[in-house]
Amino acid sequence: MAGTEVQLANRITSNGLEAGHLGRKRQSELSARSVTSSVRDTDRTKTTAFSSFIPKHSRCYIICVLYERLKFKTKFAASVSEFVRPEEKNSANMPAVSKGDGMRGLAVFISDIRNCKSKEAEIKRINKELANIRSKFKGDKALDGYSKKKYVCKLLFIFLLGHDIDFGHMEAVNLLSSNKYTEKQIGYLFISVLVNSNSELIRLINNAIKNDLSSRNPTFMCLALHCIANVGSREMAEAFAGEIPRILVAGDTMDSVKQSAALCLLRLYKTSPDLVLMGEWTSRVVHLLNDQHMGVVTAAISLITCLSQKNPDEFKTCVSLAVSRLSRIVSSASTDLQDYTYYFVPAPWLSCKLLRLLQCYPPPEDGAVKGRLVECLETILNKAQEPPKSKKVQHSNAKNAILFEAISLIIHYDSEPNLLVRACNQLGQFLQHRETNLRYLALESMCTLASSEFSHEAVKTHIETVINALKTERDVSVRQRAADLLYAMCDRSNAKQIVAEMLSYLETADYSIREEMVLKVAILAEKYAVDYSWYVDTILNLIRIAGDYVSEEVWYRVIQIVINRDDVQGYAAKTVFEALQAPACHENMVKVGGYILGEFGNLIAGDPRSSPLVQFNLLHSKFHLCSVPTRALLLSAYIKFINLFPETKSTIQEVLRSDSQIRNSDVELQQRAVEYLKLSSIASTDVLATVLEEMPPFPERESSILAKLKKKKGPGAVSVNELEEGKREGELNGGGERGGDNSGIAASNASTPSPSADLLGLRTVPPVTAAAPSAGSLLVDVFSEAGVNDDGFLRDLEPPTESSDSLLAEGSGDSDSAPPSAVSEDPAPPLPESNELLNKFVCKNNGVLFENQLLQIGIKSEYRQNLGRMYLFYGNKTSVQFVTFTTTLNVQTKTVEPLIEGGAQVQQVINIECLTDFLDAPLLNIKFRYGGALQNLTLKLPVTINKFFQPTEMASHDFFQRWKQLSQPQQEAQKIFKANHAMDTEVLKAKLLGLGMALLENVDPNPENFVCAGVIQTKAQQVGSLLRLEPNAQAQMYRLTLRSSKDTVSQRLCELLAEQF
């Protein structure tokens, strides 16, 4: 009967670990019915698959084991052959089962407990049995193995009923040395549940486990490995962390033992990672992905994935093996992997785990491996379009689980435009699916897709469906994801529509998500406000609809913007005056009204309907309904009225002189009333005007609204930072990841510690306790029309003040002030992959520039004419501080924050001015100490000449006339090259627009060709450029021709663009 009871236990517990996370976070696993069917259909040929790690007091598990032992006691021996391969039957050395192994005494005891009529009767029966067992253990007569097993089982059952067990441990340890499987199994079961890791018996237990591991009996080895994993203590890890990898990779180890060893090692690594050192075993563990036994591969990939997340460089060879294995599974028919086919889907759990493993790494550098992986992903997307082979839910669950993991991988790579667009279209089909889970998953995945340069436009095509989901979905979590997606897809072209729909939904929204919705509406209204009167209307409507959920940050921000913009002050005063006339007015509306009318009430005082006295009476009518802070604000507004409208002085003084004010129980109100009354009485008009003059403009700075929204996002929600990272501006030059020379660029920067900014998506960043300024969450769109002066210049983006010579000087700028320990070595040469990283950013502005196991560097940049602004985010991916952290550009810069806490970020803001055309990108050198070791790396900052393009619209006649004028040989650069990516028209258009030039429609006689025009803006001159791209779909070739008024520009643009198609 050897192995049977282990298999029964495994069938009960192993499937959670085998299945893994297959879908949405709240209902991601397959249904319980599906898992049960999986056991029946796919585990038939598995040999003692290792159970998932059982908590120390998992009593349901033990009840099932004991019950199954009693129920199937006569079938154990006959069923053993199901779990052992024919060639292993003779070598398994499994002990025989006697007829007396049914433990009738245990069955009688359980029956007696169930027949007890009261709690007292049950306790009496248990105490009687405990006394009997204690006497047996202490008796002079030695007990045989069967008796020990029976009494230990009774102790286990009593423990399950909630009673403490303080004896019997030594008897259980003695069972471990038995040669009978059932006795050894009960011993291990007792140890796993009842023995503390600090027990004095742990040494004896370890010795017994070592004996079983060296016995080469696969059944005993599996029992020992199960016990190690279930206990999972540090003592166990110290004793066996070096032995288990040897068992795992040994050539003579049975497949069932390899599975157990892999998952046991995974358990130990999770509890004591510092003790599990793979070292010499790394390559051999990785090659388990090529094992012929699918169960071994499934177990090994769970281990490799966990190890790869902590040590990606050591296990990077697993990528090619994972792609190869995935390719074989995806291309196989359901009959090829019959034993591991789940409802016509070949090895769905293994496929999901392989796709998840690949998400730990960037796209493969090897062209053949990358091509094979792209084929796999395309095949998965194609299969999703095929008619289902079964109507059962298990089939669709498994099929969709693989699809969503594949889409997650496509999003992770963000380098295959064709796949991104196809993934978006596939998700769009799920938005109207009858299954709620699929709609939820589709919305969640599309939130991430919306941040991609290539799929943003495709996501926007589903706006009506998403709005309908927001209005009609019954499930609040789905509605919340719909709101997240609307926020993610918002840009200038649809901002008013989306904000209006979100405001409409707020009136009936669930209370649990109202505050988050309010913050999102406030952010979108400010970010995309070209007409600031619309912004004022939106925020006032927001306060009217959901005033209880409008935080102080929201109305503070309204005040800042109104004070800073002269053109909207009169409109704001008029609008807030009308809003205050409502019979029921929220207190936040009173706050905004008091502040704005106190500052700008004079702008509407000419209308008799809003005369000074009418304004005062309107505000004062709300006074008694408000809280103390609001009353204090209104008192300040009253004294401002005396300065603005002298005719109201006597009326306001009467209010301030009243007992309810100067004798108020609140000290703050009393003090204000007394001081304001005295000020209005003794101060001259000039003094009063000086003291109460209009508030000066606020400095342009980040809004705290976005920081508040970040903290509101709960576990499992799509990170608002991921959405913000991908926001693209319609007026901006491109909008995703992008990449420049030091000879034509002036730069100045400032650094700001920003532990709360999660632009890079670091999951380990701790929540902030205070809203620290962070330009990464800057809400003021400096490139909107509102941010441009009459001269067309960026109002808050000034060119560097130093002379051009000083700015272009070679060297490290302010490096003299850097800590000496950080700059004691010369800058490292540029990384070998720096050119490749630079090319990724030619047609995009935002993204991750560099990442390794320690550091992640993200970039968000904006350009207009010859000016630009770049935000650099340095993220510490470890839990250890980076000390003496310095960054050096070969243009003059300020130093960055020298200390980065574990899991936090610092940020640099670099203002850029293009002085003249340039060829080489500036070099960014980064030095810091991690664990005492100096880290030194150099990258090329992604600033290229095309960033300073100004799009130029041209008619066909004008284009070709200008084309002929630029006919000198040195003005033209041409290149014929083979296509590196799929020749998709929409993708080509997106890249050309990302380049910064205007894409001219219906200009070229051949409709398959693309022509563009633009002017590069530099401080010294303007360089006009024309582009013509001629694709040949049959030959999979391109001919790219560029003509510019300056020859060096043509050559450089041609070199940059040839790498993009």
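Just above, that's the structure.
To start, this report covers the structure provided alongside it. (Residues numbered from 1 in each chain as written. Predicted model: local features only at pLDDT ≥ 70, side-chain atom pairs only at ≥ 80, totals over all residues. Heavy atoms only, no water.)

Turning to the packing of aromatic side chains, a few remarks are in order. Inspection of every chain in the model, using the stated rule, returns 21 aromatic pairs. Residues phenylalanine 137 and phenylalanine 167 carry aromatic rings whose centres are separated by 6.2 Å and whose planes lie at 70° to one another, so their mutual orientation is edge-to-face. You can see phenylalanine 137 sitting in helix 7 (residues 119–138) and its partner phenylalanine 167 sitting in the loop between helix 8 (145–160) and helix 9 (169–175), a full 30 residues away along the chain. Overall, the relative accessible area of 15% leaves phenylalanine 137 in the buried class. (Phe/Tyr/Trp six-rings, centres within 6.5 Å; stacked < 30°, edge-to-face > 60°. Helix = DSSP H or I, 4+ residues; strand = E, 2+ residues; numbered from the N terminus. Buried < 20%, exposed > 50% of the residue type's maximum accessible area, 1.4 Å probe, protein only.)

One can find glutamate 1030 in strand 15 (residues 1022–1032). Within the local environment of glutamate 1030, its side chain forms a polar contact with the side chain of arginine 1039, the two groups lying 2.8 Å apart. Not counting chain neighbours up to four residues away, the residues in contact with glutamate 1030 comprise Asn1009, Met1037, Tyr1038, Arg1039 and Thr1041. (Polar contact = N/O pair within 3.5 Å; in protein donor to acceptor, adjacent residues only side chain to side chain. Contact = heavy atoms within 4.5 Å.)

The next subject is the sheet that holds strand 7 (residues 883–889). Reading across the sheet, the 3 strands line up as 7-9-10 and stay open at both edges, with antiparallel pairing between neighbours. Of all the strands in the sheet, the pair left with one neighbour each is strand 7 and strand 10 (933–940). Each neighbouring strand pair of the sheet contributes to a mean axis angle of 10°, computed without reference to strand direction. Inspection of the sheet shows strand 7 paired to strand 9 (residues 923–930) by 5 bridges, in the antiparallel sense. In the sheet register, valine 883 faces strand 9, and the bridge partner there is arginine 929. (Pairing = 2+ DSSP bridges. Axes fitted to C-alpha atoms, helices over the stretch in contact; angles between N-to-C directions.)

The next thing to look at is the pairing of strand 15. With 8 bridges joining them, strand 14 (residues 1010–1017) and strand 15 adopt antiparallel strand pairing. Bridge pairing in strand 15 places isoleucine 1016 opposite valine 1023. The antiparallel hairpin formed by strand 14 and strand 15 contains 4 residues in its connecting segment. Where strand 15 and strand 16 (residues 1037–1044) come together, 8 bridges link them in antiparallel fashion.

Right, let's talk about the packing of helix 29 (residues 532–546) against helix 32 (residues 587–600) for a bit. Contact geometry of helix 29 with helix 32 gives a least axis separation of 8 Å together with a crossing angle of 150°. Put simply, helix 29 runs roughly antiparallel to helix 32. Across the interface between the two elements, Leu540, Ile543 and Arg544 from helix 29 touch Asn588, Met589 and Val592 from helix 32. Looking at the contact of helix 29 with helix 32, its residues break down into 4 nonpolar, 1 polar and 1 charged. (Parallel < 35°, antiparallel > 145°, perpendicular 65-115°, else oblique. Nonpolar A, V, L, I, M, F, W, Y, C, P; charged D, E, K, R; others polar.)

Further remarks concern the pattern of salt bridges. Overall, the coordinates contain 34 salt bridges when judged by the stated rule. Two residues, glutamate 654 and arginine 657, come together in a salt bridge whose shortest N-O distance is 3.5 Å. Separated by 3 residues within a single helix, glutamate 654 and arginine 657 lie in helix 35 (residues 649–657), roughly one turn from each other. For glutamate 654, a relative accessible area of 52% corresponds to the exposed category. For arginine 657, a relative accessible area of 40% puts it in the partly exposed group. Its salt-bridge partner being lysine 1046, residue aspartate 917 comes within 2.5 Å of it at the nearest N-O pair. Highlighted residues: aspartate 917 in the loop between strand 8 (905–914) and strand 9 and lysine 1046 in the loop between strand 16 and helix 45 (1047–1058), separated in sequence by 129 residues. A relative accessible area of 12% means that aspartate 917 is categorised as buried. Given a relative accessible area of 25%, lysine 1046 falls into the partly exposed group. The network of salt bridges with shared partners includes Asp112, Arg125, Glu129 and Lys154. (Salt bridge = Lys/Arg side-chain N within 4 Å of Asp/Glu carboxyl O.)

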